[in-house]
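Fold and geometry: a report
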Amino acid sequence: VFRRDTVVFSWPSRAGVLDYAYDRESAMWSRDALERVLDRLIEEAPGNESLVRLRSRANQAALNHDGAIADLQTVIGLAPNDLSVREGYISLLLEAKRVDEARTAVAALNERVAALGLPAADRARYCVSEALFELQEEDVERSRALFEKCLAAYPDEPNVIFPWCHFLEQMGELGRAIEILKAK
């Protein structure tokens, strides 16, 4: 039996699950009311991770990136080992075009992964994520250096080898990629 306070949030929908958009203005008024309720609840329980996550989602829905980012920073402080929160934080930073902050957050994510002692395959995947981030940001040399660092740390991990070979192919080094795959 659930014995806790319950909050219900609703807004106009024209009686259809997918018809919430018809009255955007009313929905936004309701959203503001939800934000005020969440603010008050968080004031009463500042360490309540679930409430802060919920407010972050409400801020994301309202395209209030700064509010959502601040809330996710709080959640990271409350749940530092929850890697999915860190991943969402990085995605939101990129959506807000805050690339330098995202770069720092990716490095911090990799530090946390290393500290958690995850299996090698997971550590390798996160290592490569930093190289892929730099490639996405078109910093090819930095990406190459990070890939090489990952290869040195995880030379036999498919989570490194396959993205590395794909990188080489994109860089016009298909022959080298094929040699690596044949050697493995």
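What you see is a predicted model; the values in this text were computed from it and never measured.

Okay, the state of the cysteines next. In the structure shown here, the tally under the stated rule is 1 disulfide. Paired by a disulfide, cysteine 127 and cysteine 150 hold their sulfur atoms 2.0 Å apart. The S-S bond linking cysteine 127 to cysteine 150 shows a torsion near -100°; that makes this disulfide left-handed. Here the residue cysteine 127 occupies a position in helix 6 (residues 120-136), and cysteine 150 occupies one in helix 7 (residues 140-153), the gap between them amounting to 23 residues.

Turning next to unusual backbone geometry. The backbone phi angle of lysine 97 is positive, close to 65°, even though this residue is not glycine. Along the chain, the position of lysine 97 falls in the loop between helix 4 (83-95) and helix 5 (99-116). According to the relative accessible area criterion, lysine 97 is exposed, its value standing at 70%. For glutamate 138, which is not a glycine, the phi torsion comes out positive at approximately 65°. Within the element layout of this structure, glutamate 138 appears in the loop between helix 6 and helix 7. Residue glutamate 138 is classed as exposed on the basis of its relative accessible area of 69%.

Inspection of the secondary structure puts leucine 93 in helix 4. Taking the relative accessible area as the measure of exposure, leucine 93 reaches 0% and is therefore buried. Separated by 25 residues in sequence, leucine 93 and alanine 68 place their C-alpha atoms 9.7 Å apart. Leaving out residues up to four positions away in the same chain, leucine 93 has contacts with Ile69, Arg98, Glu101, Ala102 and Ala105.

Turning our attention to the side chain of arginine 53. Along the chain, arginine 53 turns up in helix 2 (residues 49-61). Discounting residues that sit within four places of it in the chain, arginine 53 has contacts with Val75, Ala79, Asp82 and Val85.

Moving on to the confidence of the model for the protein. Any residue range with low pLDDT should be treated as having predicted coordinates unsuitable for detailed reading. In the predicted model, the protein carries a mean pLDDT of 86, and 85% of its residues have values of at least 70. Least confident of the elements in the protein is helix 1 (residues 24-44), whose mean pLDDT is 77; most confident is helix 7, at 95.

Moving on: the environment of valine 52. In this structure, valine 52 sits in helix 2. In contact with valine 52, not counting residues within four places along its chain, are Ile42, Pro46, Asp71, Thr74 and Val75.

It is worth spelling out the packing of helix 6 against helix 7 at this point. Two quantities define a packed helix pair, namely the angle between the helix axes and the distance between the axes. Two elements in contact, helix 6 and helix 7, have axes whose closest approach is 7 Å; the angle formed by their N-to-C orientations is 170°. As far as their axial angle goes, helix 7 and helix 6 are roughly antiparallel. Residue-level contacts link Cys127, Val128, Glu130, Ala131, Leu132, Glu134 and Leu135 of helix 6 to Val140, Arg142, Ser143, Leu146, Phe147, Lys149 and Cys150 of helix 7. Looking at the contact of helix 6 with helix 7 residue by residue, the class counts come to 9 nonpolar, 1 polar and 4 charged.

Parameters and conventions
Residues numbered from 1 in each chain as written. Predicted model: local features only at pLDDT ≥ 70, side-chain atom pairs only at ≥ 80, totals over all residues. Heavy atoms only, no water. Disulfide = S-S within 2.5 Å. Helix = DSSP H or I, 4+ residues; strand = E, 2+ residues; numbered from the N terminus. Buried < 20%, exposed > 50% of the residue type's maximum accessible area, 1.4 Å probe, protein only. Contact = heavy atoms within 4.5 Å. pLDDT = per-residue confidence, 0-100. Axes fitted to C-alpha atoms, helices over the stretch in contact; angles between N-to-C directions. Parallel < 35°, antiparallel > 145°, perpendicular 65-115°, else oblique. Nonpolar A, V, L, I, M, F, W, Y, C, P; charged D, E, K, R; others polar.

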